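Understanding the architecture of this molecule
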2 protein chains.
Amino acid sequence: MIPHTTLDVSGDRFTVIYRIAGSREDAVARAQHICIEQTVEFPARYVHDDDIRKHVFGRVESQIVAVEDSWEARISYAVEVTGFQLPQLLNVIFGNISLVPGVRVRSLEIPESLARHFRGPRFGRTGLRKLFNAPKGPLYCSALKPMGLPAGELAEQAYQFALGGIHIIKDDHGLGNQPFAPFRERVPLCVQAVERANRETGGSARYAPSINSCGEQFFEDARWAKAEGAGALLVAPGLVGWDIMRAIADDDSVGRPILCHPAFVGAMSSSVTSGFSHGALYGQLVRLAGGDVSIYPNFGGRFSFTIEQCREIAAACRAPMSGIKTIFPAPGGGMDFDNVPEMAEAYGDEVMYLIGGALHQGGATVAENSRRLRAIAERGRLE
Amino acid sequence: MIPHTTLDVSGDRFTVIYRIAGSREDAVARAQHICIEQTVEFPARYVHDDDIRKHVFGRVESQIVAVEDSWEARISYAVEVTGFQLPQLLNVIFGNISLVPGVRVRSLEIPESLARHFRGPRFGRTGLRKLFNAPKGPLYCSALKPMGLPAGELAEQAYQFALGGIHIIKDDHGLGNQPFAPFRERVPLCVQAVERANRETGGSARYAPSINSCGEQFFEDARWAKAEGAGALLVAPGLVGWDIMRAIADDDSVGRPILCHPAFVGAMSSSVTSGFSHGALYGQLVRLAGGDVSIYPNFGGRFSFTIEQCREIAAACRAPMSGIKTIFPAPGGGMDFDNVPEMAEAYGDEVMYLIGGALHQGGATVAENSRRLRAIAERGRLE
């Protein structure tokens, strides 16, 4: 028997739209289950406190509706149950219910009363365009690879990319602190290489090291990289934690654009009946967690996202979200020159092209290949 | 054209066993794709450096074999590509390939040369038995809930559980820093309540607060909770990051047993063709990341794990792993007294029963219900 308590709640609620598999009857029951599972996790029959029932339980906001071959339920939660912190917000959205197949997060509706607790992307689309003095047109990103090269050779690549007009030259996300090109050796060399190219071109290319460190070292490495002159940071929230990315984005002593990499989170979007929709995961969640750029595998490459899923991500990157800034989608993954015209058509100008391996193909320097990429993207056709 | 470099590699390799869907031909090609995707992420035809091809690429170690309705491939990686750090180890195991449906991690084979870089669980099964002076028989865990109660009432529950012989009384994992029972108010009250019960019973029950904080605050809160007398810590790596859990487990200034909660990671195991097997995720990965106890939803409750999946987790918790300690499986999730006999049969004595809501049922105090749970589990039948 739970005695009475008076709850400190504002009445403001946020909403998660879930897709639920099964019969209508199952889906109605599952929606009720979600309301309990994501909040009190307690047999509802043992909760005798009206305030908890009314304010802490999730609430099904309207009748479930049939969508495609499943059901859609709108469930709202008091903003206070999140404690206004990202880990607990993730927990309310999809914590325990992640363990129940047949429930997928379709999208989030975050009111201003919750959004104002999240800084979101520090720069966003507009901020990045200012940094790169690129008021319109697409932006370009490439990656230093393959792992195994010494730091000096990766830095030479960085120089070539910057010379060729690539805006952000990022570490391959697998570059950590391997003996081949240790982090503290690699970062200054790549920073200097990009600065050298900028001096020659008058450009404003930026190097983004991969911050893939351990525990508290993560924060130290991010601050150190900033002090060394890194112009942006690459973070994979699946590897280091969503809130760790958020913390680095929010940290005024870092203050660098964040490129969000999807490593390790793919299984959260690959099932049609569990996890998150592509827009919710690679768009909305990335923005809540402070990413300025959302990297994801483009359609038509060596991964399996469809053009519709990719368009959904791009749309979620720029949809209004109670004041949380819009960001750049950065499709990549096995893209070659041939893919660029269809990318131009799918994404228009509000995109950051992420093209890696293809810029190393022979017969031309990396800088020449980079210029060719830009020319194709800006023309929208191959030649 | 990638020039020659001399690589600093030992020749030691670790192995990931992947399940791959599709035809035999597809699976053979996919296995080769994994070798590249998880390491250099670079068109193999552009890598002309024999050392990188030989040492950095993943390697298919034997012919793929048909298993159930898919294929099993053994792929090894040089231990150096992990940089001997957990985020990059996760990345090599399943980073980019998480974005390709049809690839599932079946199990990991970690040699001593890699394992020695990971402390793993600080206490493990043997260490916990010593802490609780419980050389044999099952251990017991329960949770303070529902969210919405004030801290004083949660502390009263903690007292009752400890009085009833529960070894670890944990916060419900959704308890963060909500206004209802703020973290800094809740932790000392619950610590004191459990200490009071221990004085009365002569027992050694421990309170495990949920450390579900933001960024660097996470570390501060864990150390503060330890200083306040928390006897263990509850961490959900899906919410805060796998390596954050590892860092807290490794931190000598904390030095408390870690209960690992599966919130948010369920979608990583729910598809049969993506993510991780139950044993790899809730057993092997939890141990690598320092969990002393692995919480997961038991068969027969409100989740959907099968008895086979649960047995696989329990087996992975106690299988040899190059010196990384064995841990307690802690099945829970909607368990009631009726479920206990079948749990006793499935798990034997090497288990920590996690039973929450059922201990609040009327007609008896929480302490009395706790004693009843222990009696049923130790008898192996209801009455």
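The structure contained in this document is the topic of the report that follows. (Residues numbered from 1 in each chain as written. Chains lettered and ligands numbered in written order. Predicted model: local features only at pLDDT ≥ 70, side-chain atom pairs only at ≥ 80, totals over all residues. Heavy atoms only, no water.)

In this section: the environment of Asp243 of chain A. Counting through the fold element by element, Asp243 of chain A comes out in helix H10 (residues 242-250). Spatially, the C-alpha atoms of Asp243 of chain A and Leu288 of chain A are 9.5 Å apart, while their sequence positions differ by 45 residues. The contacts of Asp243 of chain A, once residues within four sequence positions are left out, are Leu86 and Pro87 of chain A together with Ser213, Cys214 and Gly215 of chain B. (Helix = DSSP H or I, 4+ residues; strand = E, 2+ residues; numbered from the N terminus. Contact = heavy atoms within 4.5 Å.)

This part takes up the relation of the copies chain B and chain A. Between chain B and chain A, which share one sequence, the superposing operator has a rotation angle of 180 degrees and an axial displacement of 0.0 Å; the RMSD is 0.0 Å. Within this description, the copies of the chain are treated as partners about a two-fold rotation axis. When C-alpha distances to the rotation axis are compared across chain B, the minimum falls at Gly241 of chain B, with a value of 1.9 Å. Both copies present the same face, since 100% of the interface residues in chain B are matched by interface residues at the equivalent positions in chain A. (Least-squares fit on C-alpha atoms with pLDDT ≥ 70 in both.)

Residues and elements named next belong to chain B. Ordered by their spatial adjacency, four strands build an open sheet running E9-E10-E12-E13, and the pairing between neighbours is parallel. Every interior strand has two partners, whereas the edge strands, strand E9 (233-235) and strand E13 (328-332), have only one. Neighbour to neighbour, the strand axes of the sheet diverge by 25 degrees on average, direction disregarded. Pairing geometry for strand E10 (residues 258-260) and strand E12 (residues 293-297), over two bridges, is parallel. Its bridge partner lying in E12, Leu259 is registered against Val293. (Pairing = 2+ DSSP bridges. Axes fitted to C-alpha atoms, helices over the stretch in contact; angles between N-to-C directions.)

On to the nonpolar core, then. In terms of nonpolar packing, the biggest core is built from 256 residues, with Phe14, Trp242 and Phe276 of chain A together with Phe14, Trp242 and Phe276 of chain B touching the most fellow members. Per element, the largest residue contribution to this core is eight residues, and it comes from helix H6 (residues 151-163) of chain B. Ignoring anything within four residues of it in the chain, the contact list for Trp242 of chain A reads Leu86, Leu90, Pro237, Val265, Leu281, Leu285, Val286 and Ala289 of chain A together with Phe264 of chain B. (Core = buried A, V, L, I, M, F, W, Y, C linked by side-chain atoms within 4.5 Å. Buried < 20%, exposed > 50% of the residue type's maximum accessible area, 1.4 Å probe, protein only.)

Quick look at the pattern of salt bridges now. In the structure shown here, the tally under the stated rule is 38 salt bridges over all chains. The partner of Asp250 of chain A in a salt bridge is Arg246 of chain A, with the nearest N and O atoms 2.9 Å apart. On the criterion of helical spacing, the pair formed by Asp250 of chain A and Arg246 of chain A is a turn pair, its members being four residues apart in helix H10. Given a relative accessible area of 22%, Asp250 of chain A falls into the partly exposed group. Two residues, Arg196 of chain B and Glu156 of chain B, come together in a salt bridge whose shortest N-O distance is 4.0 Å. Residue Arg196 of chain B is located in helix H7 (residues 183-201), and its partner Glu156 of chain B is located in helix H6; the two are separated by 40 residues in the primary sequence. Of the residues examined, Arg196 of chain B reaches a relative accessible area of 33% and is grouped as partly exposed. Residue class for Glu156 of chain B comes out partly exposed when judged on its relative accessible area of 37%. It is possible to trace a salt-bridge network through shared partners that takes in Arg19, Glu68 and Glu72 of chain A. (Salt bridge = Lys/Arg side-chain N within 4 Å of Asp/Glu carboxyl O.)

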